[in-house]
Amino acid sequence: MVREACLSRDHFMAWTDAAGNATAAAAQMSAALGVSTEDRIEDVERDIVDGPNLPRSSWREMATLLDTSSKADQKQAERLRAALSFTGAAQVDEYLGVFLTDDRAPRASVITNNFIKKNSVAGNRFDAEIDRLGPLIERRRAVVARDRTEALIHIATAAAAHYRREKLERGLLDYDDLIDKTLDMLDRVSSGWVHYKLDRGVDHVLIDEAQDTSPRQWDIVAHIISEFTAGAGARDGLVRTVFAVGDEKQSIFSFQGAAPREFDLRRRELKRRFEEAGLKFDPVSFTYSFRSGPVILHSVDHVFREQEIFRSIHAVENGYPIHNAMADAGPSQIELWDLAVADDRQDIEGWRAPFDGVAMTSPEVKLARRIQAEIKRLVSSGTMTGSAGGRRPLRYGDMLILVRRRGNAFDAVIQALKHAGIPVAGADRLKLTEHIAIIDLMNLADALLLPQDDLALAVALKSPLFGLDDDDLFKLAWQRRGSLREALTAQAPTDERFSAALRRLEACERRFTQETPFAFYAWLLGGDGGRARMLRRLGHEANDALDEFLELALGYERKAPASLQGFVAWLRAADTEVKRDMEISRDEVRVMTVHGAKGLEASVVFLVDTTTSPSDTQRLRLIHLPQGNAAPNAPGVVVWAGKKADDPPAVADARKAMLGDTEDEYRRLLYVAMTRAADRLIVGGCMPGNMNTVRKSSWYDLITKGLANAGLKLEEQETPAGKVMRYSRPDDVADLTGAAASTAAAPVALPSWLREAAAPEAAAAGVLRPSDPTDGDSHPIRSGESVQLRARALQRGTLVHRLLQSLPDVALERRLGAALGYLARNADGWSEEERAALARQVVALTVDLRFAPVFAPGSRAEVSIVGRLERPGQPKALVSGQIDRLVVTPNEVLIVDFKTNHAPPKTAPRLPGVISGSSRCTARCWQNFIPRGSSTPPCSGPKPLK
């Protein structure tokens, strides 16, 4: 509840700001509930149990008297005695149980007539107590709600004030700030200048998705166009216009402030203002759909035919909705499946029962299997889709599965599609720390930070990062004497899988202490191939989670010390949610919520979550009370409501109104879901638990009743998965079946160029790079050399270049240690002896007296050189390169280029063309920088120094 209030902090802050402070806001709330700020719950409860008719001191005596009567009266006697054993609020509840049912409604009969006849005095006391308790019960409910809400006000406003202070200190604005500050600027007296500037610069206002525009956003629009109807503007002959596009039937974002009724009110206001100013107002009702076929649109019209239903989607005076399909729309149909019912639950012993996941016999799993089987059938049978002039077979990317909420059905469908080998885009939203790929990355961090954490290491080893399986883990863990890390080290020499896992783990251990979290994970996922291994097992949808993970790691380093432990702790506390882009066109089945699908379309749409009700997911806790004479958009009084039965009258009325609004949006959500389909709409669902029928006015109920009265052709079919009721037009049935048979088997001819190798890319004209190969020169792999050895040689060259670049800047006594540390972090797959040998070779080269000028103070490393080279009979060429080492003395310029070839040549004539060309090209460019008349001799050609 506190979380929900903090998420509504803007409302609480606006409320308390308008009232003056939190105490004044609490006083407003008390007045709305009909109680005084002086009323105390202790006083009200004392009045209840110690009234003049049945005070606590008389309960035992009254219970003894009730024992002499019928069983019903004896039960009341037991309730009175039970109340004596409690204290405080619990005693009040027990005592009120004598007069109220379990639902907290008044009892039809408190005591029997027979008891009253025999004990008239006691009977009269009970009657008087009933009359007395009614107002006290309501007063107690109001005071409890007031106290509960007052505490929440102080918590929510404190959180909001802290949030506001943080934004102010950091100079940040959120989305609501942009709206509020813009509106505040336009509301101020000083806004005249803004209006003047707008009057000279705004000729046309376009309001897109107007049905989702919040009241405060509408107020901004009203300010912007306030001068449009005020008379002549600053420029003569200019007619300024407003164009609003919206469909109130598709307003489903009330949680973002959208108010569908506001769309109709603002439309009427604009109509009045423009017509009074003698300007044209042209409302256009567009009834044609570019997406859906005639059967789907016809069914939508009949689902929302009754006024009780269509009043939820648009104004009553508009009448029931009418939709028309385009002339070239393809054939369409609707299938209504019978509801999936849970199988009989098997009697499984507790220790054998699964503690997570969905039961395999649950209705959600059965429905998911039926959906994946239908998708496979539609694709394999060549079922057609598209407009009349562009029919084609269905693909997996033409399928869209919609749910109202992410729950068991959502997860079961994705699992069923993956198990059947059907390409699926994955969840449209996911909690980052709940994604399996991110769990693996965080467990690896836990194992590195705490080597004794066997569980974290086991999870990491079983992940795609290391590739071990359950049998490998059992072999490692069974009868081990120490930690799992020690067992891995002990068994690595005798098992190649364990050896490879140990090498990768040691590489991680070397890197994570020296590198930032982003650098470590970038290497792990990129240079070490972790991303590729994860995608092979988890599918490409893991890309989004991995990209967001790296983005968060990079962002974390900008605002906190870059430690792996800090990053993982921050990530677990951040509770980050990733939204995947479902508009990308890929040949995959999309599974998403109706909210996420707004604006999308698909040839085939499955409605899965059709039997739930709004109250299943939206329990109303914060009740907004009517504002009375306040401004329409003023922040109103909010009450923290408890159980529905304990609502004070004002809260009960407000709850009923809010539930009505929720029901209206529930039906608009159905409208959006049905109109996502182009050709086929398949409606399924699960029978609610412990029920034999679906809830009245649920999606399934509304669609069933609408189709029954639609006048479409009905075909009932029994399938192994259940009954199907197929609604269509007679001519559509023939088209759907005939077209598929005639074109499904037509082969697709591939162009010849698709099987040919691409031609080598021509070098850019006029651009020379010293490292480019000369004509006819290449770097073939030597006979008998593997790709792995070639890669290792290239890695060695990179390491040597980096050491020769940096070691001369390190003190002589520290060079060997620095070289060993660098190689330990970057020479992956090298043994300790190999790293030590390479480090000694490079350090020895830097201290060799023959090459002292190359590494002496004043020499420079990695010098960029750019110049223009004259070529006989050709235009000047642009040269761009990098000099490994440059030494400039009064008598010479020494250009050093390191080459780590397999077999270094001993003399210049034996230099490969690429080395010779590189050196001459660089030297000729450098000569352009030598001043005229300098004593520096010209370049004499490359000299190899082995």
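Further up the page is the structure itself.
(A) Region of the structure containing the overall build of the chain. A count of helical and extended segments in the chain gives 36 helices and 22 strands. Taken over 946 residues, the chain has a buried fraction of 42%. Partitioning the contacts of the chain with sequence separation of at least 6, the portion at a separation of at least 24 is 71%. Within the structure as shown, the chain displays about 51600 Å² of accessible surface, and the carbon and sulfur contribution to it stands at 53%.

(B) Highlighting the side chain of S292. Structurally, S292 is set in the loop between β3 (288-289) and α14 (294-303). There is a polar contact of 2.6 Å between the side chain of S292 and the backbone oxygen of A677. Residue contacts for S292: discarding those within four places in its chain leaves L297, A325, T675, A677 and A678.

(C) Here's a closer look at the pattern of salt bridges. Applying the stated criterion across every chain yields a total of 54 salt bridges. In this structure, R164 and D17 form a salt bridge, with 2.9 Å as the shortest nitrogen-oxygen distance. Of the two residues, R164 is situated in helix α9 (residues 120-170) and D17 in helix α2 (residues 9-19); the sequence distance between them amounts to 147 residues. On the accessibility criterion, R164 (41% relative accessible area) is partly exposed.

(D) The arrangement of the packing of helix α20 (residues 470-477) against helix α21 (residues 484-491) in detail. Between α20 and α21, the least distance of the axes is 9 Å, while the angle of their chain directions is 95°. Taken together, the axes of α20 and α21 are roughly perpendicular relative to one another. Two secondary-structure elements touch here, α20 through K475, L476 and A477 and α21 through L484, A487, L488 and Q491.

(E) View of helix α5 (residues 59-66). Turning to α5, its buried residues are W59, M62, A63 and L66. Seen end-on, α5 carries its buried residues on one side only, within an arc spanning 105°. Set apart from the buried face of α5 by more than 90 degrees, the exposed residues are R60 and E61. If you follow the buried residues of α5, they end up packed against α4 (41-49), α6 (71-84), α7 (88-96), α8 (113-118) and α9.

Thresholds applied
Residues numbered from 1 in each chain as written. Predicted model: local features only at pLDDT ≥ 70, side-chain atom pairs only at ≥ 80, totals over all residues. Heavy atoms only, no water. Helix = DSSP H or I, 4+ residues; strand = E, 2+ residues; numbered from the N terminus. Buried < 20%, exposed > 50% of the residue type's maximum accessible area, 1.4 Å probe, protein only. Contact = heavy atoms within 4.5 Å. Areas by Shrake-Rupley, 256 points an atom, 1.4 Å probe, with all protein chains shown as cover. Polar contact = N/O pair within 3.5 Å; in protein donor to acceptor, adjacent residues only side chain to side chain. Salt bridge = Lys/Arg side-chain N within 4 Å of Asp/Glu carboxyl O. Axes fitted to C-alpha atoms, helices over the stretch in contact; angles between N-to-C directions. Parallel < 35°, antiparallel > 145°, perpendicular 65-115°, else oblique. Arc of directions from axis to C-beta.

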